[in-house]
Amino acid sequence: MDNTKKMSDAKARRREIKLKNQPTNVQYPVNVESSPHFTGNGGSTQRCPGPHHGWVRGHQKDGGYSKGMPRYINAGSFARARASEVQAMVKAVRKKTASCHLFAALPKHMRRRAMSHNTKRLPRRLQEMAMKLKEKNLQGVKKKKEQSKQKSRKARRRHGNLLLEFNRRQRKNIWLETHIWHAKRFHMVKKWGYCIGDRPTYKCYRPCYRAMSSHCLLQDLSYYCCIELLGEEETLLSALAQLISKDTGPSFASAVCLSGRRQGNVTVYRAGQYPSQPLGPVTFLWRPRAQVSNRRQLWIWAHPTLKRDLVAELQKVCDCSEPVIPVVEPVAQPAKVPSSEDTKELPNLITVVQGISGTKRKRSCMDQSGPPAKKILGDGTRSPTTPVTWTSNSSATVINDLTMEIVRYRLIGPLSHTVLTETLEVATSCETLAKSASSLWWPEYCKDESKMNLHKEQSDIFHILKGVYSSGEIPPGTVLGLNVDDPRVALPRKKVKALPSVKQVQVVEEERVKQLMLNGVPERCCQSSLWDSSVRDNVTENKIPEQELNHMKHEVLVPGSRLRPTPHQGRVPVLLVHQPGKQVGHEMGTWGAGWDILLPKGWGMAFWVPLVYRGVREGGLHMSLKHSQNKCAPHFPHDYPDCPAGVRFQEEQEAELLDKFKRRPPAKRTNYIKLGCLAPFRCPWKQLAEEWEVISAEERMESRDTDTVIEGATSHQDVTSMPQRFTVLRNRKALRLLSGWCRPTTSKGQRACRLSQAPPLNQAAVSSFLSAHSMSLVWVRLSLLAKGKPELHGMVCVPTLEDFKLLKDPQCSGPLEPTHKDHFKSKLKRPKKKSKKVTETAHKVATPTTAKSSSTPGTVFGLWPDPLPSVASHCSRVVLGWITQGDFSLTAGCGEALGFVSVPGLLTTLLKQPIEHRGMLLLRNPTSLHYRFVKVNIEV
């Protein structure tokens, strides 16, 4: 019985599955026995009230009849009900709901071949309907095309149209010549009006560090702006002397830099405003003196955020306020130009040279109807009427803006010179010199015997570089002019890693290598044709196209061999500029040294790809920051808080971090108020400098007599009533003195460094020092004594005497900050209850200004509202400054931080510390309550 019951249940379930897809308009009650139309004893039924009769779901009886199955039906009513269902079905089939309704009427074996655009492949009964549907679809597509006015993908991918599209996309952000190469491999960011690669899409932090330490890292720095000055040497030096100070280091008039043998670095200020109102750091390069004329040529390289202010100051000091409007040459426009905004061409673009022979006839015919192919060279976003040259009415001084006119690549690492010597080939001389004048610059250059002698001397020095072991052995800032062949001619078939030669160098070459390492390159060999604008334009305009060069390589007998002879238009003048590595401190000297290569515009990719094929590692903006961090050098504009560019960067960084903080739900945000962090997303440098100026003045007055205190207090009130501006201490003499008082040590503070004997640190020396630098900040390097990783905007604090006792315990790395109380949390939860009074506890801790500002609509949960209370004495340990760069340093093997501290605060702290613990501070991250001991170093 059990098995029979199970089988009957299974049959019922299968029947239910079969009947679950019945039409929705066929419905019967489940309990058919209660229906008045059913007779259980086999009798007849009454006439059904409705037209819908059929099979009803139910269990079968033993007699074979279902409980819901009638004995007989009325044929007329049943046929009428079925006729309505068939009519609804036919209506649904014939309804034009989609474009594929025709193919639903076809049998399955015909549907696939009939889905083409050829309607004749359909049966004749459907061809007429298909033609109507096709015409309707064509009208819709035509309307869509008229609305979008967009060309087909095939037309958009043509070379000329593709360049027009690229030019349109560069109106807001300029592309470098290596942009497309970087866009395929890097995360791109839009900064300073450029589109620059930030970091690779693959993980390469440690490989990039190894490349900087042991091989070579390649970067594109073409976004740096070049300003050219032309004029008499004395006039230029007198004008530039107003922008700098000799107290900060070598100036524009340095003898070794003025000769053109070395590149110099200075910090530029507004005219006559030193030590306040700095603009930022720049590098400069003088052209070697000519024998005929006394006119000099100077290139100043600056960051793009610094360009506008720098050009304005140069125009002011050089009296070059007269702009020279360039002449716009008329360009032939095509017959039909689309009126869309997206296809408008830039007015200053240069027409591409006509295609070479061998192109497809179909392609050339199609291109004749479209707009001519354009290419962008230089700053294509600039209007043709925008002046790039300014002259002086009183003197012959000229200022030229060479932005995007010169390509600049940087190679960082000890084998940078090895990569250059394997990539570049010295230009070969022309075998036959035509008597007639040539339109190319190299044949004319070869006709001058003195120039060829100079070319030979430069070639010899370039070959001597192969015998140098590391790039750091070259004198810093060395300049070498060179003429090279097109590097695409000798491009290797696959990537190879450039390594130094292991063969023994001859004795004669060893002596020349020593002379190069000691004295550098002679002044005569620093000359280059790259300084001449006519040569640069000639090289750019006569560059061999990639297609033609590939065609020439294809005709070589041995595939992959060097193309000989090199075409006359395949010679390029370049400048090699040595970049010094770490020049401060007492360890890791010359780390990060390398070479910069300057090229004419239009030759960016021609040199980039051959350099990549020599096994270099490519880096972006992120690696530039890490390079500066490992050198313990400030990075512009991140670490220049007293410059306009640094202020703008800090505001943008604060907005970005605050927006990221607000995107998180309130329950997942860090409560910085409880952690005792007033400003986790910015560094209020001005408020810190003002507070420490008051604190140091009060402490100095306490050490005097009562009469002196009253007099000093009055003078202090007079000074503080005047608006003051904080500055960063860059005086070399003051930095050496301050570094000696800090007792500089190596990384992790293992041992003290040997320095000249510094004057004793006492109250008189501190007062004398602060009389000139009371509102100054100083750049410091902080090395953690134990484990830990510094983070951005970490607080540098003063340890107490009780904290120094913890140094005896090796298990304890530092004290803890007690948790603060958030008095703004209750107000954020009940914003509508404005009449409720603040509790007594909140009155004791919060000031009236903070209580008033907490109710402002801009208050964010977890952040202290503006205005901020005292930033120096807010925590249990007094704050001296903040860090701007922090990470685990692979060079030092410990956590290192770079930042600024207040000069008065640092001197006050050093004066109170015992000698054995002098220079010991505390560091606390914004998201932690744990203080860690650090050793402060001021490297000069």
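Residues numbered from 1 in each chain as written. Predicted model: local features only at pLDDT ≥ 70, side-chain atom pairs only at ≥ 80, totals over all residues. Heavy atoms only, no water.

Asks: Help me get a handle on empty space enclosed by the protein, residues and values and all.
Replies: Throughout the structure, instances matching the rule amount to nine cavities of 30 Å³ or more. In this model, the largest cavity occupies a volume close to 120 Å³. Lining the largest cavity are 16 residues, with Leu176, His182, Ile196, Gly197 and Asp220 sitting closest to its centre. Ranked by residue count, the leading element in the lining of the largest cavity is strand β3 (residues 194-200), at three residues. A class-by-class count of the residues in the lining of the largest cavity yields seven nonpolar, eight polar and one charged. (1 Å grid on protein atoms, 1.4 Å probe; cavity = no way out; pocket = protein on both sides within 12 Å on 5 of 7 lines; lining within 4 Å. Points joined across faces, edges and corners; volume = space filled by probe spheres on them. Helix = DSSP H or I, 4+ residues; strand = E, 2+ residues; numbered from the N terminus. Nonpolar A, V, L, I, M, F, W, Y, C, P; charged D, E, K, R; others polar.)

Asks: Go over the sheet that holds strand β2 (residues 186-191), please, and point to the residues and values.
Replies: Across the sheet, three strands lie side by side as β1-β3-β2; this open sheet has mixed pairing. One side of each edge strand has no neighbouring strand; the edge strands of this open sheet are β1 (174-175) and β2. Relative to β3, β1 is paired through two bridges, and the arrangement is parallel. Within the sheet, the bridge partner assigned to tryptophan 175 lies in β3 and is cysteine 195. Along the sheet face, helix α21 (residues 621-630) touches β2 and β3 and points at about 70 degrees away from the line of β3. (Pairing = 2+ DSSP bridges. Contact = heavy atoms within 4.5 Å. Axes fitted to C-alpha atoms, helices over the stretch in contact; angles between N-to-C directions.)

Asks: Provide a residue-level description of the pattern of salt bridges, including the pertinent values.
Replies: Enumeration over the complete set of coordinates arrives at 31 salt bridges. We note a salt bridge from lysine 456 to aspartate 460, for which the minimum N-O separation is 3.7 Å. Linking lysine 456 with aspartate 460, this pair stays in helix α16 (residues 449-464), spanning four residues, or about one helical turn. Residue lysine 456 is classed as exposed on the basis of its relative accessible area of 52%. Measuring nitrogen to oxygen at the nearest pair gives 3.0 Å for the salt bridge that ties arginine 730 to aspartate 642. Note that arginine 730 is positioned in the loop between β19 (727-728) and α25 (732-741) and aspartate 642 in the loop between α21 and α22 (644-663), a separation of 88 residues in sequence. We note that arginine 730, like aspartate 642, is buried. A single network of salt bridges, built from pairs that share partners, joins Glu587, Arg781, Glu896 and Glu939. (Salt bridge = Lys/Arg side-chain N within 4 Å of Asp/Glu carboxyl O. Buried < 20%, exposed > 50% of the residue type's maximum accessible area, 1.4 Å probe, protein only.)

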